[in-house]
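# A structural walkthrough
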Amino acid sequence: GEVFRLPMNVFIEDTDCFQVVYYANYAKFFDRACQEAIGREELAKLEREGTHMHTVYVKKIKYLAPARLGDALVVESKMTDLGGGRVRWEQELRGGPNAEVLHASSESETVFASRAGVVSSSLPSVLTSADWSGLATDGIESELCPEDTIYESPEKVWADDVDARERLS
């Protein structure tokens with residue numbers, strides 16, 4: 001499948017007192033890249049319709065080299081499986097002039113859930129109508145979050161970018 005690339009910079013709020021990216025922020029970078037790969041407008045439309053995207057399962061995350069304050073990074077995201085209301089991702093966080101430094105890698109799963117927390121058993125139309133050539137679409141078996149499971153989370157789309165009126169900033 002295609003690889004989606006999201007460039008980003010390391011800011012002071014992403015780092016610890018030694019100006020090294022705090023490990024939990026790698027997961028934030030990966031999650032933001034998933035959201036951007038699907039599209040801001042598409043996710044905002046889903047949000048208005050009462051559907052939220054949640055990362056519910058991180059199979060593995062490897063921290064390989066520290067990213068530091070001021071680094072220019074790129075998250076490379078690839079959908080590896082799409083179906084059954086779930087999307088599986090393989091991602092790499094790279095840096096350096098030619099993105100030759102691999103800082104971290106991740107494998108994760110996102111689901112789409114209603115405001116009531118019920119996980120959808122099918123993908124939203126914004127995903128099924130798009131051309132995701134090269135992806136497996138057999139559906140996904142997940143022990144962690146099976147269909148019609150209640151998944152509760154107060155997070156919104158781009159939770160760190162939502163203002164007090166719950167609008168994207």
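The structure contained in this document is the topic of the report that follows. It should be emphasised that the depicted structure is a prediction, and the values quoted were computed from it without experimental measurement. (Residues numbered from 1 in each chain as written. Predicted model: local features only at pLDDT ≥ 70, side-chain atom pairs only at ≥ 80, totals over all residues. Heavy atoms only, no water.)

## Observations regarding the nonpolar core
Looking at soluble globular proteins, one finds that nonpolar side chains tend to be buried together. Stated precisely, the cut-off is as follows: Remark: nonpolar core denotes a set of buried residues (Ala, Val, Leu, Ile, Met, Phe, Trp, Tyr, Cys) joined through side-chain atoms within 4.5 Å. To sort residues, take the accessible area from a 1.4 Å probe on protein chains only and compare it with the maximum for the residue type: under 20% means buried, over 50% means exposed, and anything in between is partly exposed. We count a stretch as a helix when DSSP gives it H or I for four or more residues in a row; a strand needs E for two or more, and each element gets its number in order from the N terminus. It only takes one pair of heavy atoms within 4.5 Å for two residues to be counted as in contact.
Counting residues in each nonpolar core, the largest one holds 14 residues, and the members touching the most others are Ile38, Val87, Trp89, Phe112 and Leu127. Counting only elements with at least two residues in this core, the list comes to helix 1 (23–38), helix 2 (40–48), strand 3 (72–83), strand 4 (86–95) and helix 3 (125–128). Ranked by residue count, the leading element in this core is helix 1, at 3 residues. If we skip the residues at most four places from it in the chain, Trp89 touches Cys34, Ala37, Ile38, Ser77, Lys78, Met79, Thr80, Ser106, Glu107, Ser108 and Thr110.

## Considerations on helix 2
To be explicit about the condition: Of all possible arcs, the one meant is that of the directions from the helix axis to the C-beta atoms.
Residues Leu43, Ala44, Leu46 and Glu47 constitute the buried set of helix 2. On an axial view of helix 2, the arc spanned by its buried residues comes to 160 degrees, and they lie on one face. In helix 2, the exposed positions angled more than 90 degrees off the buried face are occupied by Glu41 and Arg48. On its buried face, helix 2 is in contact with helix 1, strand 2 (51–63), strand 5 (101–114) and helix 3. The positive-phi residue at the C-terminal boundary of helix 2 is Gly50, with phi of around 95 degrees.

## Points about the sheet that holds strand 4
To be explicit about the condition: Strands are labelled as partners when DSSP assigns at least two bridges between them. To obtain each axis, a line is fitted to C-alpha atoms, and for helices this fit is confined to the stretch in contact; angles are then taken between N-to-C directions over 0 to 180 degrees.
Within the open sheet, the 5 strands sit side by side as 1-3-4-5-2. Their pairing is antiparallel. Here the strands that pair on one side only, and so sit at the sheet edges, are strand 1 (4–9) and strand 2. Here the strands of the sheet are splayed against their neighbours by 25 degrees on average, with no regard to which way each runs. Two strands pair when backbone bridges link them, and strand 3 and strand 4 are joined in this way by 10 bridges, in the antiparallel orientation. Looking at strand 4, one finds that Val75 is bridged to Leu93. Together, strand 1, strand 2, strand 3, strand 4 and strand 5 form the strand contacts of helix 1, whose direction differs from that of strand 4 by roughly 120 degrees. Against the sheet, helix 2 makes contact with strand 2 and strand 5, and its axis sits at roughly 130 degrees relative to strand 2, the strand it touches most.

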